[in-house]
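# Structural overview for review
Single-letter residue listing:
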Amino acid sequence: MVTQSNNHIDAIPKVLLQQLLDVLSAKGYRTVGPVVRDGSVFWDTIRQVADLPLGWRDEQTPGRYRIEQTGSTRIFGVVHGPQSVKPLAFAPREPLLTIERSKGRVSVQPTMPKSEKVAVLGVRACDLAGLAIQDHIFLKDAYRDPYYRIRRDGLFLIAVNCTRALATCFCASMDTGPRASANFDLALTELDEEMLVEAGSEAGREVVRALTCAPASPAQTREAERQIKACAGSQTRQLDRSRLPSALYDAHEHPRWDDVAARCLACGNCTMVCPTCFCHSVEEAPDLTQTGSEQSRLWDSCFTQEHGYIHGKNIRPTIKDRYRMWLTHKLASWIDQFGTSGCVGCGRCITWCPVGIDLTEELPALLNSTTQVKKESIRS
Amino acid sequence: MSDTNRANQPVTPGRPTLAVFKFASCDGCQLSILNLEDDLLALGQALDIAYFPEASSEMRKGPYDIALVEGSITTPEDAHRILSVRKQATWLMTIGACATAGGIQALRNWGDVEAFKRTVYPSPQYIQSLSTSTPISEHIHVDFELWGCPIDKAQLLRVITDLLGGVHPRLPTHSVCIECKRRGNICVMVAKGIPCLGPVTRTGCGAICPSMGRDCYGCFGPAEGLHEGPGLPPNTASLAKEFHQGLRLIPVEVLRRFRGINGSVRPFREESQAWEQNDRASHE
Ligand code: SF4
Ligand code: SF4
Ligand code: SF4
Ligand code: SF4
Ligand code: SF4
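Bear in mind the structure is a predicted one, so any value in this text is a computation, not a measurement.

### A short note on the interface of chain A and chain B
- With 47 residues of chain A in contact, the opposing surface of chain B contributes 42 residues.
- Considering only the surface of chain A that becomes buried against chain B, A:Leu265, A:Leu288 and A:Glu306 emerge as the three largest contributors, covering 19% of it.
- Counting across the chain A and chain B interface gives two salt bridges.
- With a closest N to O distance of 3.4 Å, B:Glu179 and A:Arg93 form a salt bridge.
- Inspection of the region where chain A meets chain B yields 18 residue pairs in polar contact (both at pLDDT 80 or more).
- Breaking the side of chain A that touches chain B down by element, the ones donating at least two residues are strand E3 (40-45), strand E5 (64-69), helix H9 (256-263), helix H10 (269-273), strand E13 (280-286), strand E14 (292-299) and helix H11 (319-338) of chain A.

### A few points about the environment of A:Ala210
- By secondary structure assignment, the location of A:Ala210 is in the loop between helix H6 (202-209) and strand E12 (214-215).
- In this structure the C-alpha to C-alpha distance between A:Ala210 and A:Ala262, which are 52 residues apart in sequence, comes to 56 Å.

### A short note on the domain arrangement of chain B
All names here are of chain B.
- Once the domains are mapped, chain B shows domain 1 (4-164) and domain 2 (176-283).
- For domain 1 and domain 2, the distance between their C-alpha centroids amounts to 27 Å.
- Facing the 16 residues of domain 1 at the interface are 20 residues of domain 2.
- Interface area, domain 1 with domain 2, both sides summed: about 1300 Å², of which 62% is carbon and sulfur.
- A per-residue breakdown of the area domain 1 buries against domain 2 is headed by Trp-110, Trp-147 and Cys-149, which together make up 51% of the total.
- If you look at where domain 1 meets domain 2, you find zero salt bridges.
- Viewed at the interface, domain 2 and domain 1 are joined by three residue pairs in polar contact (both at pLDDT 80 or more).

### Some words on the sheet that holds strand E2 (residues 48-51) of chain B
Residue and element names in this part refer to chain B.
- With respect to topology, five strands assemble into an open sheet ordered E2-E1-E3-E4-E5, the strand pairing being parallel. Edge positions in the open sheet fall to E2 and strand E5 (144-146), since each of these has one partner strand only. When the angles between neighbouring strand axes are averaged without regard to direction, this sheet yields 30 degrees.

### Some remarks on the site of ligand 3
- As a structural note, the neighbourhood of ligand 3 is formed by A:Val79, A:His80, A:Ala125, A:Cys126, A:Cys162, A:Cys169, A:Cys171, A:Gln235, A:Gly345 and A:Cys346.
- By residue class, the composition of the shell around ligand 3 is seven nonpolar, three polar and no charged.

### Describing helix H3 (residues 76-88) of chain B
Residues and elements named next belong to chain B.
- For H3, the set of buried residues is Asp-78, Ile-82, Val-85 and Arg-86. The arc that holds every buried residue of H3, seen down its axis, measures 95 degrees, which confines them to one face. Pointing more than 90 degrees away from the buried face of H3 are the exposed residues Glu-77, His-80 and Lys-87.
- If you follow the buried residues of H3, they end up packed against strand E1 (17-22), strand E3 (64-70) and strand E4 (89-95).

### Brief notes about the domain arrangement of chain A
Residue and element names in this part refer to chain A.
- Segmentation of chain A into domains returns domain 1 (9-95 + 112-233) and domain 2 (246-287 + 300-379).
- Relative placement of domain 1 and domain 2: their C-alpha centres are 29 Å apart.
- Contact with domain 1, which involves 30 residues of that partner, is made by 28 residues of domain 2.
- Around 2200 Å² of area is buried between domain 1 and domain 2 when both sides are counted, 62% of it from carbon and sulfur atoms.
- Between the two partners, domain 1 and domain 2, sit two salt bridges.
- Measuring nitrogen to oxygen at the nearest pair gives 3.1 Å for the salt bridge that ties Arg-348 to Asp-127.
- Counting across the domain 1 and domain 2 interface gives 18 residue pairs in polar contact (both at pLDDT 80 or more).
- Those elements that place two or more of their residues in the side of domain 1 that touches domain 2 are strand E4 (56-61), E5, helix H3 (125-139) and helix H5 (171-174).
- Broken down by element, the residue count for the side of domain 1 that touches domain 2 peaks at nine residues, all from H3.
- Taken together, the residues that form the side of domain 1 that touches domain 2 break down as 13 nonpolar, 13 polar and four charged.

### A short note on the pairing of strand E1 (residues 9-13) of chain A
Residue and element names in this part refer to chain A.
- Most of E1 sits out of view: four of its five residues are buried.
- By the bridge criterion, five bridges tie E1 to strand E11 (residues 194-199) in an arrangement that is antiparallel. Counted as the bridge partner of Ile-9 is Glu-198 from E11.
- Where E1 meets E12, two bridges bridge the pair, whose relative direction is antiparallel.

Reading guide: rules and limits
- Residues numbered from 1 in each chain as written.
- Chains lettered and ligands numbered in written order.
- Predicted model: local features only at pLDDT ≥ 70, side-chain atom pairs only at ≥ 80, totals over all residues.
- Heavy atoms only, no water.
- Contact = heavy atoms within 4.5 Å.
- Buried area = accessible area lost by both parts, 1.4 Å probe.
- Salt bridge = Lys/Arg side-chain N within 4 Å of Asp/Glu carboxyl O.
- Polar contact = N/O pair within 3.5 Å; in protein donor to acceptor, adjacent residues only side chain to side chain.
- Helix = DSSP H or I, 4+ residues; strand = E, 2+ residues; numbered from the N terminus.
- Domains from an automatic or database assignment.
- Pairing = 2+ DSSP bridges.
- Axes fitted to C-alpha atoms, helices over the stretch in contact; angles between N-to-C directions.
- Near = heavy atom within 4 Å.
- Nonpolar A, V, L, I, M, F, W, Y, C, P; charged D, E, K, R; others polar.
- Buried < 20%, exposed > 50% of the residue type's maximum accessible area, 1.4 Å probe, protein only.
- Arc of directions from axis to C-beta.

The structure is reproduced here in structure tokens:
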């Protein structure tokens with residue numbers, strides 16, 4: 001959302017940003033941020049501002065990610081890597097239980113993750129929207145997941161408002177960015193010389209109080225607003241949700257599904273990088289002596305054969321079935337299930353798909369002349 | 001393991017016998033068993049290792065409860081020997097790409113074996129070799145197949161553990177990509193333009209190659225195995241097209257990507273053959 005925030009905004013000279021890391025460390029947080037690795041960025045522990053991708057910049061297009069050093073003074077010039085904050089709360093592999101059998105007795109021990117205070121620096125607005133969806137899935141209503149809870153409770157989220165969009169970004173059309181509007185402790189906007197700081201929680205305000213900063217000048221806040229608005233305006237991709245969910249259900253027999261299925265590898269990368277995908281399987285690992293077993297939760301995907309295996313039958317044998325399941329869940333049935341879209345517009349599935357399949361291209365093609373196709377298929 | 005003292009002991013009830021047989025192979029999969037380290041002791045306790053020439057000179061006669069078969073069939077003699085292995089084993093599992101898919105030596109299936117013999121050996125008339133290298137399943141009924149070059153130790157232990165527990169073994173068949181992403185790797189194909197076979201290759205190795213910054217070369221065979229049919233994974237055609245159009249590999253390079261360690265398994269075989277035709281067409 002590009003709406004101007006009413007919160008108090010401070011400014012800290014960029015050269016003093018190390019203070020922020022030091023204050024967080026002093027408060028017992030492990031500081032984590034994007035770190036350049038293997039041609040992209042990945043969340044890793046950082047101790048100094050210099051650990052961040054200073055001067056680096058990423059370019060993302062369908063099926064392609066490249067990063068380069070530009071020599072600029074931008075600290076957050078890299079928009080994002082393959083992962084949102086999801087893995088920091090919903091771990092890719094989470095040990096759940098150990099089971100032991102001795103003398104005819106079976107004992108079950110939950111293996112809870114170590115609770116740890118982690119401050120994450122550089123979270124994007126779309127990532128926050130994705131995390132809000134994960135929170136809904138793992139923490140709302142009757143089923144509250146204690147493993148997720150422990151990891152999630154330790155997170156202190158420092159967002160960075162986007163002032164540059166990637167070619168793959170479409171948060172503006174999903175109302176999830178480029179400004180961080182909720183669910184953060186601090187939100188930064190990077191200007192040439194200063195970092196504007198906005199607190200979004202009591203914990204965030206406490207950190208700000210420990211920093212050497214002054215209220216941002218009207219000129220500074222105007223400049224920040226201008227850059228965020230320009231970022232939203234520069235987005236070339238969009239997703240028209242006006243006819244969802246029903247139009248996508250109506251497109252169930254559209255020939256475009258065959259077209260995309262011919263390209264899709266069913267590799268599952270799109271679901272692995274998606275900030276909102278929550279599917280998981282439980283793996284049982286018994287030991288050879290049959291006296292114990294360990295259970296873990298693993299990220300799963302509706303693109304696997306195993307995911308569609310129900311009652312002795314695979315209900316989604318073909319790639320077409322699986323791509324249709326994925327897109328329909330993301331954009332249509334998610335709305336019925338959770339009341340929001342399952343897509344927050346981060347564009348990761350477009351970039352990290354090895355063959356560059358782009359949902360913002362597939363959706364309009366699928367919603368195109370659906371009625372005509374339906375009539376034809378009824379006639380034949 | 002030179003535990004000859006055990007030679008005359010009876011088979012402990014409830015402790016199934018294990019035999020390991022070798023056909024045309026490099027022994028790497030058998031070495032994976034020996035590399036189990038601590039787990040090897042546990043394996044030796046859970047199973048009675050009755051026949052494993054690579055590990056022990058003690059070689060007891062069959063029948064055996066469990067037989068592991070390494071290697072492919074490349075000689076008339078082996079084509080005969082595998083029949084007797086099957087007769088001696090209650091449950092038989094192939095281990096590795098050679099036994100499961102024909103292995104790298106199946107490249108001969110596209111070559112002229114007689115010409116190879118004449119080139120390599122001074123007296124080729126003494127060489128008894130088939131013109132093909134074929135997987136064990138083309139000769140006998142196989143109860144379970146372990147993919148990989150070499151196999152993954154954890155998968156081997158898992159299958160044996162399941163057997164001992166009376167559970168039907170089951171291993172995941174999805175792409176390497178899923179494990180690659182779980183491990184937090186940066187995709188070499190998307191970030192570096194390296195032609196990776198991970199999207200069409202079966203999981204099991206733990207995505208070791210992409211974790212080292214290189215491409216998967218398909219050593220665990222096609223994802224979802226041989227479920228060939230229209231619209232079913234693995235979609236080798238789309239990946240091959242991307243290698244060619246997106247990553248600018250010329251047809252013969254695409255061909256070579258698919259004609260590797262598991263090159264003779266149907267999905268990979270058909271893909272390499274399609275690109276062989278494209279390659280020919282590009283020279284015409
Ligand atoms: S799109 Fe697929 S993997 Fe993602 S949440 Fe839905 S069913 Fe699960
Ligand atoms: S569906 Fe794609 S663009 Fe939408 S949130 Fe998921 S990864 Fe991002
Ligand atoms: S989708 Fe929006 S919030 Fe996410 S990285 Fe792109 S511009 Fe920023
Ligand atoms: S859409 Fe792309 S990333 Fe997703 S399963 Fe298909 S090929 Fe893989
Ligand atoms: S590096 Fe290879 S295995 Fe890993 S996600 Fe990319 S294509 Fe898949």
